Amino acid sequence: MTPPSRLALVPFVSVQNMMGLVRHIGLAQVLRDLAAAIEADFLRWEEFDKTPRVASHSDVGVIELMPTADKAHYGFKYVNGHPKNMKEGLQTVTAFGLLADVATGYPILLTEMTMLTALRTAAMSALAASHLAPKGARTMAVIGNGAQSEFQCLAFQAVCGIDTVRLYDIDPTATAKCAANLAGTGLRVVSCTSPEQAIEGAQIVTTVTADKRNQTILTDNMVGAGVHINAVGGDCPGKTELHRDILMRSEIFVEYPPQTRVEGEIQQLDPDHPVTELWRVMAGTAPGRTDAAQVTLFDSVGFAIEDFSVLRYVHARIKGTRFYDDLDMLADPDDPRDLYGMLQRAG
Ligand code: NAD
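These lines cover the structure that appears in this document, whether it is placed above or below. (Residues numbered from 1 in each chain as written. Predicted model: local features only at pLDDT ≥ 70, side-chain atom pairs only at ≥ 80, totals over all residues. Heavy atoms only, no water.)

Moving on to empty space enclosed by the protein. With a probe scaled to a water molecule rolled over the atoms, the places where space remains empty come into view. For the structure shown, the criterion picks out one cavity of 30 Å³ or more. Of the volumes computed, that of the largest cavity is approximately 40 Å³. Surrounding the largest cavity, Met18, Leu21, Val22, Ile25, Val30, Leu34, Leu116, Leu119, Tyr313 and Val314 form its lining. With four residues, helix α1 (residues 15-25) is the largest single contributor of residues to the lining of the largest cavity. Here the residues of the lining of the largest cavity are counted per class, giving ten nonpolar, no polar and no charged. (1 Å grid on protein atoms, 1.4 Å probe; cavity = no way out; pocket = protein on both sides within 12 Å on 5 of 7 lines; lining within 4 Å. Points joined across faces, edges and corners; volume = space filled by probe spheres on them. Helix = DSSP H or I, 4+ residues; strand = E, 2+ residues; numbered from the N terminus. Nonpolar A, V, L, I, M, F, W, Y, C, P; charged D, E, K, R; others polar.)

Now the structure itself:
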């Protein structure tokens, strides 16, 4: 049998290799690089094919496909969200993704994206806060101390200069895990026993809990003037974290309105409630925070362009490294029309 040509081999980044790549570059640098990559793509927002992600809901969770493309590349991510998984020893969120060449339709990268989703979600949150949080913010409350939480803390440290995190989770073992993981990172870590204690003195509040229902992690009286809220955990129909009254007095910023109106905190609002697309703030065509007393809210749900940006980043960064394997996943007959002959010869 003739071996497949180079073009037919697709680089595959396993979880092991993703961790190797991140440690090789350095986590803080990766988070800064991803924020920069996402911002560069948000600045060319109109060049992308955009569609809300395709979601398949069940009683216990959701499985989603997130595609987008520009003129050169096509990308998609497969991702799930199953809050009950954690109690069974499984991840709430797992993912993998693919990048393809638009010119040939050939895949050029297949990669794990569980680790990469945590990195990109954190980088996106920090990027949004760099445009919206009050100037000089140094303290962030993090409510929900599960798989995403350390990445959020470290992205805000690397991108926004946060030096103190105040942690709270209904499960104290989650807070203890997060605090232990953040030891030695340079962050001052304060473990709290209530959400009220966690938000004391915090200029930024991140909510990153998982529960498949409308929760009230924050009520209106808990949110002081000038705070920036980074609401990450509410990302599905019927799965929100904030009381509606908070939304009514916040300036709300979103990724892609047709998706966020269905999945985000704003599913609680009228469909024409005004929101600002973040890319417009980055491009300077819409205002971000306009005064120090304003409550700003990034209603994060995760959009396909963010995954596209990080897929391209990984594709570029694995070149010349040992952090991938070649996968023989495309048939490659010598004569493109003789696929059947290839099968016969294999016998
Ligand atoms: P996880 O299951 O590992 O952790 C969730 C944590 O939330 C758990 O420790 C749990 O005890 C805690 N929690 C639940 N209810 C709480 C409450 N009322 N108060 C305080 N803590 C509470 O989940 P994860 O992987 O860290 O993901 C967290 C959330 O972020 C999920 O809902 C997930 O769907 C969402 N998410 C969003 C994006 C995005 O782009 N917006 C990306 C990835 C994940």
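After presenting the structure, the write-up continues.
The next thing to look at is the side chain of Arg289. Its location among the elements puts Arg289 in the loop between α9 (278-283) and β16 (295-299). Although Arg289 lies buried, it forms no salt bridge, and the closest oppositely charged side chain, Asp291, sits 5.9 Å away as judged by the N-O distance. A polar side-chain atom of Arg289 sits 2.6 Å from the main-chain carbonyl oxygen of Leu132. Engagement of the side chain of Arg289 in a polar contact is seen with the backbone oxygen of Ala292, the distance being 3.5 Å. (Buried < 20%, exposed > 50% of the residue type's maximum accessible area, 1.4 Å probe, protein only. Lys, Arg positive; Asp, Glu negative; His and termini not counted. Salt bridge = Lys/Arg side-chain N within 4 Å of Asp/Glu carboxyl O. Polar contact = N/O pair within 3.5 Å; in protein donor to acceptor, adjacent residues only side chain to side chain.)

This part is about the state of the cysteines. Tallied over the entire structure, the rule returns zero disulfides. Just so you know, Cys160 is unpaired, no disulfide at all, and the nearest cysteine sulfur is the one on Cys153, 12 Å from it. Summary of cysteine pairing: Cys192 is not part of a disulfide, and the nearest cysteine sulfur, belonging to Cys178, is at 11 Å. (Disulfide = S-S within 2.5 Å.)

This part is about the packing of helix α2 (residues 27-42) against helix α10 (residues 304-318). When two helices pack together, you describe them by how their axes are tilted relative to each other and by the distance separating the axes. Where α2 contacts α10, the two axes come as close as 9 Å, and the packing angle between them is 125 degrees. Between α2 and α10, the interaxial angle falls into the category oblique. Crossing handedness for the pair α2 and α10: right-handed. Where α2 abuts α10, its residues Val30, Asp33, Leu34, Ala37, Ile38, Asp41 and Phe42 lie against Ile305, Glu306, Phe308, Ser309, Val310, Arg312, Tyr313 and Arg317. Each residue belonging to the contact of α2 with α10 can be placed in one class, and the counts come to nine nonpolar, one polar and five charged. (Axes fitted to C-alpha atoms, helices over the stretch in contact; angles between N-to-C directions. Parallel < 35°, antiparallel > 145°, perpendicular 65-115°, else oblique. Left-handed = near helix turned anticlockwise from the far one by under 90°. Contact = heavy atoms within 4.5 Å.)

Time to look at the sheet that holds strand β2 (residues 54-57). Pairing within the open sheet is mixed, and its seven strands lie in the order β2-β3-β4-β5-β6-β1-β17. The open sheet terminates on both sides in strands that have one partner only, identified here as β2 and β17 (325-328). For this sheet, the mean inter-axis angle between neighbouring strands, taken without regard to orientation, is 20 degrees. With four bridges connecting them, strand β1 (residues 9-13) and β17 associate as antiparallel partners. (Pairing = 2+ DSSP bridges.)

Sheet architecture is open: eight strands sit in the order β9-β8-β7-β10-β12-β16-β14-β15, paired in parallel fashion. Each edge of the sheet is formed by a strand with only one pairing partner; in this case those strands are β9 (188-191) and β15 (276-277). Strands in contact with helix α3 (residues 114-132) are β12 (228-231), β14 (250-254) and β16; relative to β16, the strand with the most contacts, it is inclined by about 155 degrees. Contacts from helix α4 (residues 149-160) reach β7 (139-143), β8 (164-168), β10 (204-207) and β12 within the one sheet, and its direction differs from that of β7 by about 165 degrees.

In the vicinity of the ligand there are 27 residues, among which Thr92, Asp169, Thr209, Lys239 and Ser300 approach most closely. One of the side-chain nitrogen or oxygen atoms of Ser300 is found 2.8 Å away from a nitrogen atom of the ligand. Alone, the ligand offers 870 Å² of accessible surface; in the complex the protein occludes 92% of this. Among the elements of the structure, α3 and β11 (214-218) are those that each provide at least two residues to the shell around the ligand. For the shell around the ligand, the residue count by class is twelve nonpolar, ten polar and five charged. (Near = heavy atom within 4 Å. Areas by Shrake-Rupley, 256 points an atom, 1.4 Å probe, with all protein chains shown as cover.)

The subject of this paragraph is the pattern of salt bridges. One pass over the structure, following the stated rule, counts 18 salt bridges. With a closest N to O distance of 2.7 Å, Glu263 and Arg53 form a salt bridge. A residue pair is termed long-range when its members are at least 10 positions apart, and Glu263 in helix α8 (residues 257-263) and Arg53 in the loop between α2 and β2 qualify at 210 residues. Just as Glu263 is buried, Arg53 falls in that class too. Linked by salt bridges that have partners in common, Asp41, Arg44, Glu47, Asp70 and Arg312 make up one network.

All right, on to the side chain of Thr207 then. Among the structural elements, Thr207 can be located in strand β10. Excluding anything up to four places from it in sequence, Thr207 contacts Ile143, Ile217, Leu218, Asn230, Ala231, Val232, Gly233, Glu241 and Leu242.

With respect to the helices and strands, the residue Arg312 is situated in helix α10. Assessed through its relative accessible area of 30%, Arg312 is described here as partly exposed. When the C-alpha atoms of Arg312 and Ala118 are compared, they prove to be 16 Å apart, with 194 residues separating the residues in sequence. If we ignore the near neighbours within four places in the chain, the residues touching Arg312 are Asp41, Arg44, His73 and Leu99.

This part covers α1. Burial in α1 covers these residues: Asn17, Met18, Gly20, Leu21, Val22 and Ile25. With its phi angle positive at about 105 degrees, Gly26 sits one or two positions after the end of α1.

So yeah, pure geometry; function would need other evidence.
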